[in-house]
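Here are the chains, one letter per residue:
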Amino acid sequence: MCDAEASLEQNEDDQSDKEQSISLLHLPIEIFLHVCSFLDAETLMHNLSLVCKQFYQILNDNSFWKMRISQIFPNTGYPILPPAEDDELFWKLSCVAIEKQTSLWKNENSMEKLSLTNVQYSTIDGLLLMHDGKICISGARDRSLVCWSLPIEESDHVQRTCIDFAHNGWIWDLTAIDNMVYSCSWDQNVKAWTLTPTGLVHFKTYKMIVTGALLCIASCPDLALFATGSFCKTVLVFDSRSGYSPIARYQPHQRAVIRLAMSSNYILSASEDKTVSVWDQRAGKIMKTVTISKESFPMSMSMQKDLVYVGDSNAKLHVLDLKREFEPIKCYDTEHKKGITGVHFTPGCVITSSMDKTVRISSPTDPPQNLTTLTCGYGEIASIDYLNDVLAVSGTEGIEIWRPRART
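Everything quoted here is computed from the prediction, not taken from an experiment.

1. Thoughts on the UniProt feature "repeat: WD" (unreviewed entry) in the protein
Phase 1 of the analysis: Under the local residue numbering, the UniProt record ascribes the feature "repeat: WD" (unreviewed entry) to residues 250–289.
Phase 2 of the analysis: With 0% helix and 60% strand, residues 250–289 has end C-alpha atoms that lie 13 Å from one another.

2. Points about the nonpolar core
Phase 1 of the analysis: Trp65, Trp105, Ile351, Val359, Ile361 and Leu391 are the most contacted members of the largest nonpolar core, which has 36 residues in total.
Phase 2 of the analysis: Of the residues forming this core, the biggest block, seven residues, is contributed by helix H6 (residues 90–106).
Phase 3 of the analysis: In terms of domain composition, this core takes at least three residues from each of domain 1 (29–106) and domain 2 (112–404).
Phase 4 of the analysis: Apart from the residues lying within four places of it in its own chain, the contact partners of Trp105 are Met111, Ile361, Leu371, Thr372, Leu374, Tyr386, Leu391 and Trp402.
Phase 5 of the analysis: The next biggest cluster of nonpolar side chains, apart from the first, holds 20 residues, and it includes Trp172, Ile177, Tyr182 and Ile258.

3. Description of the domain arrangement of the protein
Phase 1 of the analysis: Taken domain by domain, the protein holds domain 1 (29–106) and domain 2 (112–404).
Phase 2 of the analysis: With 15 residues of domain 1 at the contact, the number on the domain 2 side is 26 residues.
Phase 3 of the analysis: If you sort the residues of domain 1 by the area they bury against domain 2, Ile80, Leu81 and Trp105 come out on top, with a joint share of 44%.
Phase 4 of the analysis: For the pair domain 1 and domain 2, the interface holds one salt bridge.
Phase 5 of the analysis: A salt bridge links Asp389 to Lys100; the nearest nitrogen and oxygen atoms lie 2.9 Å apart.
Phase 6 of the analysis: Connecting domain 1 to domain 2 are five residue pairs in polar contact (both at pLDDT 80 or more).
Phase 7 of the analysis: Tallied by class, the residues present in the side of domain 1 that touches domain 2 amount to eight nonpolar, five polar and two charged.

4. A closer look at the packing of helix H5 (residues 62–72) against H6
Phase 1 of the analysis: Two elements in contact, H5 and H6, have axes separated by 9 Å at closest approach and are oriented at 25 degrees. As judged from the angle between their axes, H5 and H6 are roughly parallel. With respect to the hand of their crossing, H5 and H6 are arranged in left-handed fashion. On H6, the residues that touch Asn62, Trp65, Lys66, Arg68, Ile69 and Ile72 of H5 are Trp91, Lys92, Ser94, Cys95, Ile98, Glu99 and Thr102.
Phase 2 of the analysis: Residue composition of the contact of H5 with H6, grouped by class: six nonpolar, three polar and four charged.

5. Some thoughts on a negative patch on the surface
Phase 1 of the analysis: Together, Glu85, Asp86, Asp87 and Glu88 make up a negatively charged patch on the protein surface.
Phase 2 of the analysis: Along the polypeptide, Asp86 turns up in the loop between H5 and H6.
Phase 3 of the analysis: For Asp86, a relative accessible area of 67% corresponds to the exposed category.

6. Some words on H6
Phase 1 of the analysis: Over its 17 residues, H6 runs 24 Å from end to end, which matches the ideal 24 Å to within 8%, given 1.5 Å per residue.
Phase 2 of the analysis: Counting buried positions over the 17 residues of H6 gives twelve, a clear majority of the element.
Phase 3 of the analysis: For H6, the full list of buried residues reads Phe90, Trp91, Lys92, Ser94, Cys95, Val96, Ile98, Glu99, Gln101, Thr102, Leu104 and Trp105.

7. Focus: the packing of aromatic side chains
Phase 1 of the analysis: Enumeration over the complete set of coordinates arrives at 17 aromatic pairs.
Phase 2 of the analysis: A centroid spacing of 4.8 Å and a plane angle of 25 degrees characterise the contact between Phe32 and Phe55, whose relative ring orientation is stacked. Placement of the pair is Phe32 in helix H2 (residues 29–36) and Phe55 in helix H4 (residues 53–59), with a sequence separation of 23 residues. Both residues of the pair, Phe32 and Phe55, belong to the buried class.
Phase 3 of the analysis: Each ring, one from Tyr78 and one from Phe90, has its centre 6.2 Å from the other, and the planes form 15 degrees; the classification is stacked. Highlighted residues: Tyr78 in the loop between H5 and H6 and Phe90 in helix H6, separated in sequence by twelve residues.

Rules and cut-offs
- Residues numbered from 1 in each chain as written.
- Predicted model: local features only at pLDDT ≥ 70, side-chain atom pairs only at ≥ 80, totals over all residues.
- Heavy atoms only, no water.
- UniProt positions renumbered as here; feature names shortened; annotations may be inferred.
- Helix = DSSP H or I, 4+ residues; strand = E, 2+ residues; numbered from the N terminus.
- Core = buried A, V, L, I, M, F, W, Y, C linked by side-chain atoms within 4.5 Å.
- Buried < 20%, exposed > 50% of the residue type's maximum accessible area, 1.4 Å probe, protein only.
- Domains from an automatic or database assignment.
- Contact = heavy atoms within 4.5 Å.
- Buried area = accessible area lost by both parts, 1.4 Å probe.
- Salt bridge = Lys/Arg side-chain N within 4 Å of Asp/Glu carboxyl O.
- Polar contact = N/O pair within 3.5 Å; in protein donor to acceptor, adjacent residues only side chain to side chain.
- Nonpolar A, V, L, I, M, F, W, Y, C, P; charged D, E, K, R; others polar.
- Axes fitted to C-alpha atoms, helices over the stretch in contact; angles between N-to-C directions.
- Parallel < 35°, antiparallel > 145°, perpendicular 65-115°, else oblique.
- Left-handed = near helix turned anticlockwise from the far one by under 90°.
- Patch = residues over 30% accessible without salt bridge, like charges linked within 9 Å, V, L, I, M, F, W, Y side chains within 5 Å.
- Areas by Shrake-Rupley, 256 points an atom, 1.4 Å probe, with all protein chains shown as cover.
- Lys, Arg positive; Asp, Glu negative; His and termini not counted.
- Charge placed at Lys NZ, Arg CZ, Asp CG, Glu CD.
- Expected span 1.5 Å × (residues − 1).
- Phe/Tyr/Trp six-rings, centres within 6.5 Å; stacked < 30°, edge-to-face > 60°.

And the structure:
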């Protein structure tokens, strides 16, 4: 056989091999989707769907993402409220968030725990995570304010700076606008602290014209506003860019204001009088007052987009629909044994803490499904915060930090 004939036969064999080879593009959709079931949602959304137009069209179908969520949490409803019609990414982003949180909390080895102790010697009511969960601020009943710099590597040490007498009374709550931390106290003052690379530096003090202790504080960074609620039933709203005087003052309750939640449109206040009051910031008036329960009072709140979660003193979790003027639409029995001191809602999970010394991480479904339960080593839980997959839990004399082991 001459070289030309041999070369021709080799080319024919190569062409035959190419025609017989199969790629993902040639697979039936059912087989392709089966292959996708072995990949996580984040990889599918941010990588595989961008390979070609065919993959994009297949993975752009909302039914695919709905099915994945239903397989994770069968016999439940998600979401509790229907998404906005123009939100094209809702199901994709929700699936990514749910899979990520489920993987984090169901895998015992995926999270590490840090203990922050031996600095504050009383109950730590104020707790705040900042800078993507790398900084933790804590305020306690011993009047101290501590800035904890969490280690980047597991082998590193925690760095901390402490202000021993930050207030003249118990520090009840903390919030932040950019790099400015605001603390409220039993001494009837709100103090602003600048977060610097070396810790907190006092910036200014807002002296409140109220007759009772300040029990809670919340902020709206988009508008540079913060609000504080007091034992004497009053809510005061401040513009952090202006002077020391409040821009709004109102009295929505019959008893102490113990918790606030704030957005660009609304301020929600929870009280021992068993109600949640809604202040319309645009109209400058009380929009509505909602009775949560006749047997219990609201202790914690989390407001995200169109939903509000409220935890009460009887360990029940209530859901309010913002689109229906904050109408209560759901009430769930949790497995907590005492009142819910903290609640944090994300697209991927719902976190609740209780005076029974436990934290429950649950699915954001109807009804919620428990992913895991954590027990706090510092007694009754006073406060929690959650940011960038980092969970901070405070009790008496100590804080526990739960965060992913592999950090980028």
